[in-house]
Amino acid sequence: MATDALASAQKAIDDNDNDRARLLLNQAQADADLALALARGSADKKSAQDAQAKVVDLSKQAQ
Amino acid sequence: MKISTIALVTSFFAVSLGGCAATTPTPELIGARQAYDQARTDKNAALVPDSVLSAKQSLDKAESMHADHPQSDEDRSFSYVALRRSELSMALGANAKAKQDESTSAANYGNLQNTLRTDAVEKLGAARGALAVSETGLAAANARAARAMESLAKIAQVKEEARGMVITLSGQVLFVTGKAELLPSAQDQLGQVAKALIDQGEINPIVVEGYTDSVGSDANNLKLSQSRAEAVRSFLVSKGLPGDKLTANGRGKSNPVASNDTPDGRANNRRVEIVVAGGSANAVSNGK
């Protein structure tokens, strides 16, 4: 989505429609920020699950 | 008047239509409001209050833009960005929660490791203590058994055989010839044997075997050897050895250890053997 918005922004710049380009760049920035957070979230969730699995394994060893 | 009324009504509709256009939110703004409501009450997003505040500010800008320029590109674009900011705050909140869970799990893992390590160290310490006590006890028992065997070796012939430890006492020093009564000196000697056996520690089954030389009838020899074996057994029991572990067995002239053709040989054959099952590693022979 950020890529689409960027492409649209580029077209607006080419058309000398700077106001529209600014709006589209803001949208692209918001899309990119969200995409980055979601990507990091996936990795963080995996790390948290791995850590939890280690605790469970160690608990089983202790029994 | 009529004209004024028409003008008033016209103005009213114009204002109403204008107000309606200004307050009808775009789909983007509706989505942005819903997203912010969700972010505002999201538990994970509460972990990232700055991000939620940023989403709120973004929504405020969108509302302002909607009020000033309804249905415009700016109206839609600001709402779109506001929607994304609210979604971002929830995503960052979820990330923060995942990090928090990971930290908690890491702490739990560390605590669990410490607990296991502490338990293992305590168990190891207890095992070492028990081992030390056991080794000390074993060393003391071995020393006691060795001393007992040394005492025994001074008063009797002691040797290890397949059937166990054999303590041989000469019949001459134990009994009057042809009788089964113990001599006073024999009682002293047997008393020392009893003490040595008791000092050894655990008492294994013991068989007291009586033997004679070949002089006389087999029946008499068998009877005499049995009586002598029982006399020795009774004396040992009276000195503290457990009666249920001791048996007496008269063997007559069987199993001679020397020739019955000479006085010395016959003297050696007249004997009492105290056989301790299991024997002793400390058994020694002093040739008596």
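Residues numbered from 1 in each chain as written. Chains lettered and ligands numbered in written order. Predicted model: local features only at pLDDT ≥ 70, side-chain atom pairs only at ≥ 80, totals over all residues.

Take unusual backbone geometry next. Here the phi dihedral of A:N16 falls at roughly 60 degrees; this positive angle occurs in a residue that is not glycine. Among the secondary structure elements, A:N16 is positioned in the loop between α1 (2–14) and α2 (18–62). Unusually for a residue other than glycine, B:N255 sits at a positive phi of about 50 degrees. (Helix = DSSP H or I, 4+ residues; strand = E, 2+ residues; numbered from the N terminus.)

Bringing the pairing of strand β5 (residues 271–276) of chain B into the picture now. Residues and elements named next belong to chain B. Burial of β5 is extensive: six of the six residues sit out of reach of the surface. Every second residue of β5 is oriented toward a common face, with R271, E273 and V275 on one face and V272, I274 and V276 on the other, all of them buried. Relative to β5, strand β2 (residues 164–170) is paired through six bridges, and the arrangement is antiparallel. In the strand pairing of β5, L169 is matched with V272. Bridge analysis of strand β3 (residues 206–211) against β5 gives six bridges, and the strand direction is antiparallel. Note on β5: the bridge partner recorded for Y211 is R271. (Buried ≥ 20, exposed ≤ 12 C-beta atoms within 10 Å, placed from the backbone. Pairing = 2+ DSSP bridges.)

Attention now goes to the confidence of the model for chain B. Do not read the predicted coordinates in detail wherever pLDDT is low. All names here are of chain B. When pLDDT is averaged across chain B, the result is 85; 89% of the residues are at 70 or more. Taken together, the stretch residues 1–21 has pLDDT below 50 and engages in two contacts with residues farther than four places along the chain or on a different chain. The low-confidence segment residues 281–288 (pLDDT under 50) makes 19 contacts with residues lying over four places distant or belonging to another chain. For this predicted complex, the interface confidence comes out at an ipTM of 0.83, alongside a pTM of 0.54. (pLDDT = per-residue confidence, 0-100. Contact = placed C-beta atoms within 7 Å.)

Residue and element names in this part refer to chain B. Ordered by their spatial adjacency, five strands build an open sheet running β1-β2-β5-β3-β4, and the pairing between neighbours is mixed. The open sheet is flanked by β1 (157–161) and β4 (246–250), the only strands paired with a single partner. Looking at each pair of strands side by side, their axes are set apart by 20 degrees on average, direction ignored. In this sheet, β4 lies alongside β3 in parallel orientation, the contact comprising five bridges. Bridge pairing in β4 places G210 opposite G250. (Axes fitted to C-alpha atoms, helices over the stretch in contact; angles between N-to-C directions.)

We now examine the interface of chain B and chain A. Each partner contributes residues to the interface: chain B has 24 residues there, and chain A has 23 residues. For the side of chain B that touches chain A, the residue count by class is eleven nonpolar, five polar and eight charged. (Nonpolar A, V, L, I, M, F, W, Y, C, P; charged D, E, K, R; others polar.)

Residues and elements named next belong to chain B. Where helix α2 (residues 27–41) meets helix α3 (residues 49–68), the closest approach of the two axes is 10 Å, and the angle between their N-to-C directions is 155 degrees. Viewed along their axes, α2 and α3 adopt a mutual orientation that is roughly antiparallel. The handedness of the crossing between α2 and α3 is left-handed. Here L29, A32, R33, Y36, A39 and R40 of α2 lie close against α3, whose contacting residues are V52, A55, K56, L59, A62 and H66. Of the residues contributing to the contact of α2 with α3, the split by class is eight nonpolar, one polar and three charged. (Parallel < 35°, antiparallel > 145°, perpendicular 65-115°, else oblique. Left-handed = near helix turned anticlockwise from the far one by under 90°.)

A pair of packed helices is characterised by two quantities: the angle between their axes and the separation of those axes. All names here are of chain B. Axis separation between helix α6 (residues 184–199) and helix α7 (residues 218–238) bottoms out at 9 Å; the angle between their running directions is 60 degrees. With respect to their mutual orientation, α6 and α7 come out oblique. The two elements α6 and α7 meet at a crossing, and its hand is right-handed. On the side of α6, the interface is formed by Q187, L190 and A194, while α7 contributes V232, F235 and L236. Across the contact of α6 with α7, the residue classes tally to five nonpolar, one polar and no charged.

Moving on, we come to the environment of B:S79. Residue and element names in this part refer to chain B. Looking at the element boundaries, S79 is found in helix α4 (residues 73–155). Separated by 21 residues in the primary sequence, S79 and S58 have C-alpha atoms spaced 8.0 Å apart. Ignoring anything within four residues of it in the chain, the contact list for S79 reads T26, E28, L29, A32, A62 and H66.

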